[in-house]
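# Structural overview
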Amino acid sequence: MAQANPVYPVIWQTDHVLLIDQTRLPNEYDSVEVHRSEEMAIAIETMIVRGAPAIGVAAAYGVYLGARDIETGDRAEFLTQLEQIAERLRATRPTAVNLFWAIDQMMKVAYYTEGSVDAIKTVLLETARTINADDIRTCQQIGDHSLSILPSTPAKLRILTHCNAGALATAGYGTALGVVRSAWTAERLERVYADETRPRLQGAKLTAWECVQEGIPVTVITDNMAAHCMKIGMIDLVIVGADRIAANGDAANKIGTYSLSLVAKAHNIPFYVAAPLSTIDFAIADGAQIPIEERNPNEVYQIGDTILCPTTGVEFYNPAFDVTPAELITAIITEHGAIAPSELRDRLKAKSAIEI
Ligand SMILES: CSC[C@@H](O)[C@@H](O)C(=O)COP(=O)(O)O
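Residues numbered from 1 in each chain as written. Predicted model: local features only at pLDDT ≥ 70, side-chain atom pairs only at ≥ 80, totals over all residues. Heavy atoms only, no water.

## Remarks on the environment of Val57
Structurally, Val57 is set in helix 2 (residues 52–69). As for Val57 and Pro9, which are separated by 48 residues in sequence, their C-alpha atoms are 9.9 Å apart. In this structure Val57 touches Val10, Ile131, Asn132, Asp135 and Ala171, once residues within four positions along its chain are discounted. (Helix = DSSP H or I, 4+ residues; strand = E, 2+ residues; numbered from the N terminus. Contact = heavy atoms within 4.5 Å.)

## Quick look at the site of the ligand
Around the ligand, the structure places 19 residues, and the nearest of them are Arg50, Arg93, Gln202, Asn253 and Lys254. Interatomic distance of 2.6 Å between a side-chain N/O atom of Arg50 and an oxygen atom of the ligand. Contacts to the ligand include Gln202, whose side-chain N or O atom sits 2.8 Å from an oxygen atom. Notes on the ligand: free accessible area 410 Å², of which the protein chains cover 99%. If you list the elements that add at least two residues to the shell around the ligand, you get helix 2 and strand 9 (251–254). Here the shell around the ligand is built from residues that sort into eight nonpolar, seven polar and four charged. When residues of the shell around the ligand are sorted by domain, at least three fall in each of domain 1 (10–138) and domain 2 (151–355). (Near = heavy atom within 4 Å. Polar contact = N/O pair within 3.5 Å; in protein donor to acceptor, adjacent residues only side chain to side chain. Areas by Shrake-Rupley, 256 points an atom, 1.4 Å probe, with all protein chains shown as cover. Nonpolar A, V, L, I, M, F, W, Y, C, P; charged D, E, K, R; others polar. Domains from an automatic or database assignment.)

## Here we look at the pairing of strand 7 (residues 237–240)
Of the two faces of strand 7, the one lined by Leu237 and Ile239 and the one lined by Val238 and Val240 are each fully buried. One ladder, built from two bridges, connects strand 4 (residues 157–161) with strand 7; its direction is parallel. What sits directly across from Ile159, in strand 7, is Leu237. (Buried < 20%, exposed > 50% of the residue type's maximum accessible area, 1.4 Å probe, protein only. Pairing = 2+ DSSP bridges.)

## Examining the sheet that holds strand 16 (residues 337–339)
Reading across the sheet, the seven strands line up as 6-5-4-7-10-15-16 and stay open at both edges, with mixed pairing between neighbours. The open sheet has two edge strands, strand 6 (218–221) and strand 16, and neither has a second partner. Strand-to-strand, the axes of this sheet are offset by a mean angle of 25°, without reference to chain direction. Bridge analysis of strand 4 against strand 5 (residues 189–195) gives five bridges, and the strand direction is parallel. Across the sheet, Leu160 pairs through a bridge with Tyr193, a residue of strand 5. (Axes fitted to C-alpha atoms, helices over the stretch in contact; angles between N-to-C directions.)

## Observations concerning the packing of helix 2 against helix 5 (residues 117–149)
Interaxial distance between helix 2 and helix 5 falls to 9 Å at its minimum, and their mutual angle equals 170°. Here helix 2 is positioned roughly antiparallel relative to helix 5, judged by the angle of their axes. In this structure, helix 2 contributes Pro53, Val57, Ala60, Tyr61, Tyr64, Ala67 and Arg68 to the contact, and helix 5 contributes Lys121, Leu124, Leu125, Ala128, Arg129, Ile131, Asn132 and Asp135. Partitioned by chemical class, the residues of the contact of helix 2 with helix 5 number ten nonpolar, one polar and four charged. (Parallel < 35°, antiparallel > 145°, perpendicular 65-115°, else oblique.)

## Regarding the pattern of salt bridges
Applying the stated criterion across every chain yields a total of 17 salt bridges. Across the salt bridge formed by Glu293 and Arg93, the nearest N and O atoms sit 2.8 Å from each other. Note that Glu293 is positioned in the loop between strand 11 (280–281) and helix 10 (298–301) and Arg93 in the loop between helix 3 (75–90) and helix 4 (97–112), a separation of 200 residues in sequence. A relative accessible area of 7% places Glu293 in the buried class. When the shortest N-O distance is used, the salt bridge between Arg295 and Glu299 registers 2.8 Å. The class of Arg295 is buried, set by a relative accessible area of 15%. (Salt bridge = Lys/Arg side-chain N within 4 Å of Asp/Glu carboxyl O.)

Shown next, in the form of structure tokens:
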């Protein structure tokens, strides 16, 4: 299998996008070419590309690919058709706000660019590429900032993470796993503990794979082992990514994150969320208003071709995300530094945060 270091899950290539097919990792390292907006929408829905910042970047390219295919030279008609393309992309996954943020950036550029339809198309591609490049830089900044807030002891930390908030989930480098990368480079990391993350196993499949690419020591545990590992002193801190952070600091992330935060609190272990500002949704007052995606029940009862339990006479429930209350979060680490969730609330009251 090909090695991929560094890992870039979304790459622009002359006239199309190349996505790492995350549904096939870790057994196969394959790429998928995306030439059309509808192909991008399907890639997001089927989780060929996944992770909040990565689907934002992918959707931005999706808007451009759709724009490229619009045949009219009439500006108003072009914008009407582009709105439909944006709507289709917005409908792919509901929870990660980065998707909506990136599409909104693209649509603003479409509306505000002066000149011909061709001029708008050119600027749209430039904007998607900028969103892509900025995300990599942002993740590196999150990693840099984390170094000043990581606990000073022990010298080498044992970090537990959930799902995959790595390079694969962003344009590159990662948020939570970006912090891990930075800690590793700074010789502050002993080992990563990766929750397997049922039902889709992003921790076992993707986080473990990414760590192997860089030689970062990693131990995969099943989700129900986390409390035990904390109790017997194996974990120094928990760090996770986020799909949407409400204005009060409540954070939606992969299902299972909430229980991890409760268990961390019970063991007095710091619990960090690493996310770019584009993940903060100041329009949403608290976590109760974050839309939670429900996915196909077969993700619960089936792994590959194997059916795990009786499927008749049994009901299944498959929420893809849960919300960790702000009071369980030690700090949110962004590209502008770490901030306590309560501070986020205060800044919002002062309205200064909105202008960031
Ligand atoms: C930097 S990614 C942060 C989150 O998007 C990540 O933790 C997560 O929950 C991903 O969920 P997924 O359903 O795999 O897209």
